[in-house]
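Per-entry structural report
Spelled out, the chains give:
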Amino acid sequence: MAGKSLFGDPLRTSAFSRAASVDLREGTHRVVIVATTPETIKAEFPATNVDLIEKVSRQMKANGVKVVNYNTVATWLDDNGGYWDHVDELANAFETEYIVHFEIDSITHKKPNSPDMYEGHIEGTVYGYEVRETRSGKVAHRIFNHPFNRNYPDGYPQLADRMSKEEFHRELMEYTSSALAHTLYDHHASDEIY
C-alpha cells in the first residue's frame, strides 16, 4: 500500500502487448474474439463459447480496445456450425487487424475426492493472430501463444449445497474471462483483484 500511495497503481504490460509490440487500448486496431471448448463442455454448458466471447469483449471494450461486436461474431459462428477450418476464414469474414482465439482444453467444477465441494479448474491456450493483406486475400499469422491454467476460487472451495452447478459455472467463467482479458491489454495491478 505504501508503494501504491507513493508511485500510484502500476501499469502492467500484458503478455499480448509484449509479444505483438502493440497496445490494444489505443483503439486503433480492431480485434475479433473467438472461443472453442471440448464437446463434453458444450454438451453440459452449450453457451460457454458465446459467454466467454461476450464477457471478454465487454471487458476489453470498457478498457478502450476496439472489439468486433460479440453478437456479430456469435452470429457468424452460428451460421457456420460453430466451426472454422482455418483462422484465415475469420480474417476474411471480419474487418479486423487481430484475432484472439481462446482454446479451452478442460473445465472441471468439483474438488477432487470431494463431490460436495465446488472448486473450478480451467486449462487452455490463448492464440493471437495478426491479419495481413495478400494478393489472394487476408491471411492470419500467429504472433501469440499463451497457455493458461486457472483455479477458482483462490481460497477455499465452495459448498455444493449453497449454489447450483450452473451458478458456479457462471462465476468460474466470469473470473476466467477477466483473467484472460488481462493477458490481452495493459492494465493496472489493482484490476487483477477478482
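A brief report on the enclosed structure follows. Residue positions within a chain follow its written sequence, with the count starting from 1. Local features in a predicted model are, by the rule used here, given only for residues with pLDDT of at least 70; side-chain atom pairs are given and counted only at 80 or more, and totals for whole chains, interfaces and linings are based on all residues. Side-chain numbers here rest on the full set of heavy atoms in the structure, without hydrogens or water.

Considering the packing of aromatic side chains
Aromatic pairing here means that ring centres of Phe, Tyr or Trp (its six-membered ring) are within 6.5 Å. Orientation follows from the plane angle: under 30 degrees is stacked, over 60 is edge-to-face, and everything else is tilted. Under the defined criterion, the tally for this structure stands at six aromatic pairs. Taking 4.9 Å as the distance between ring centres and 15 degrees as the angle between the ring planes, the aromatic pair formed by Tyr118 and Phe168 counts as stacked. Taken together, the residues Tyr118 in strand E5 (residues 114–134) and Phe168 in helix H7 (residues 165–182) connect sequence positions 50 residues apart. For Tyr118, a relative accessible area of 4% translates into the label buried. Relative accessibility decides the category of a residue: with a 1.4 Å probe and only protein chains considered, values under 20% of the type maximum give buried, values over 50% give exposed, and everything between is partly exposed. A residue is classified by how much of its surface remains accessible, and Phe168, at 0% relative accessible area, is buried. Feature note: the residues Tyr118, Tyr152, Phe168 and Tyr175 constitute an aromatic cluster, connected by ring pairs. Counting from the N terminus, the helices are DSSP H or I runs at least four residues long and the strands are E runs at least two residues long.

Some details on helix H4 (residues 48–62)
Between the first and last residue of a helix there are one fewer steps than residues, each counted as 1.5 Å, and that sum is the expected span. Between the first and last C-alpha of H4 there are 21 Å, a value that for 15 residues agrees with the 21 Å anticipated at 1.5 Å per step. Listing the buried residues of H4 in full gives Thr48, Asn49, Leu52, Ile53, Val56, Ser57, Gln59 and Met60. Along the axis of H4, the buried positions cluster into a sector of 165 degrees, meaning they face one direction only. When the buried face of H4 is taken as reference, the exposed residues oriented beyond 90 degrees from it are Lys61 and Ala62. Those residues of H4 hidden inside the fold are in contact with strand E2 (30–36), helix H3 (39–44), strand E3 (66–67), helix H5 (70–79), strand E4 (98–111) and H7. Of the residues one or two after H4, Gly64 is the one with positive phi, at around 90 degrees. In this description, one arc is meant: the one made by directions from the helix axis to the C-beta atoms. Here, two residues are considered to be in contact whenever any of their heavy atoms come within 4.5 Å of each other.

What to know about the packing of H4 against H7
Where helices are involved, their axes are fitted lines through C-alpha atoms of the stretch in contact, as for all axes, and angles between N-to-C directions lie from 0 to 180°. Running from amino to carboxyl end, H4 crosses H7 at an angle of 45 degrees, the nearest separation of the two axes being 9 Å. Relative to H7, H4 is oriented oblique. Here H4 and H7 pass one another in a crossing that is right-handed. Residues Thr48, Leu52, Lys55, Val56, Gln59 and Met60 of H4 lie in contact with H7, whose contacting residues are His169, Met173, Glu174, Ser177, Ser178, Leu180, Ala181 and His182. When an angle is under 35 degrees it counts as roughly parallel; over 145 it counts as roughly antiparallel; between 65 and 115 it counts as roughly perpendicular; any other value is oblique. The sense of a crossing depends on the near helix, which, turned anticlockwise from the far helix by less than a right angle, makes the crossing left-handed and, turned clockwise, makes it right-handed.

Comments concerning the pattern of salt bridges
Salt bridges, as used here, are contacts in which a Lys or Arg side-chain nitrogen is within 4 Å of a carboxyl oxygen on Asp or Glu. Tallied over the entire structure, the rule returns eight salt bridges. Between Glu119 and Lys111 there is a salt bridge whose closest N-O contact spans 3.8 Å.

A few points about the pairing of E5
Two strands are counted as paired when DSSP detects at least two bridges linking them. Direction of pairing for E4 relative to E5: antiparallel, over a ladder of 12 bridges. Paired with Phe102 across the bridge in E5 is Val126. Connecting the antiparallel pair E4 and E5 is a turn made up of two residues, with Asn113 showing a positive phi of about 65 degrees. The pairing of E5 with strand E6 (residues 137–152) spans 15 bridges and is classified as antiparallel. Considered in E6, the bridge of Gly124 is made with Phe148. The turn joining E5 and E6, which pair antiparallel and follow one another in sequence, is formed by two residues.

In short, shape yes, function no, at least from these values alone.
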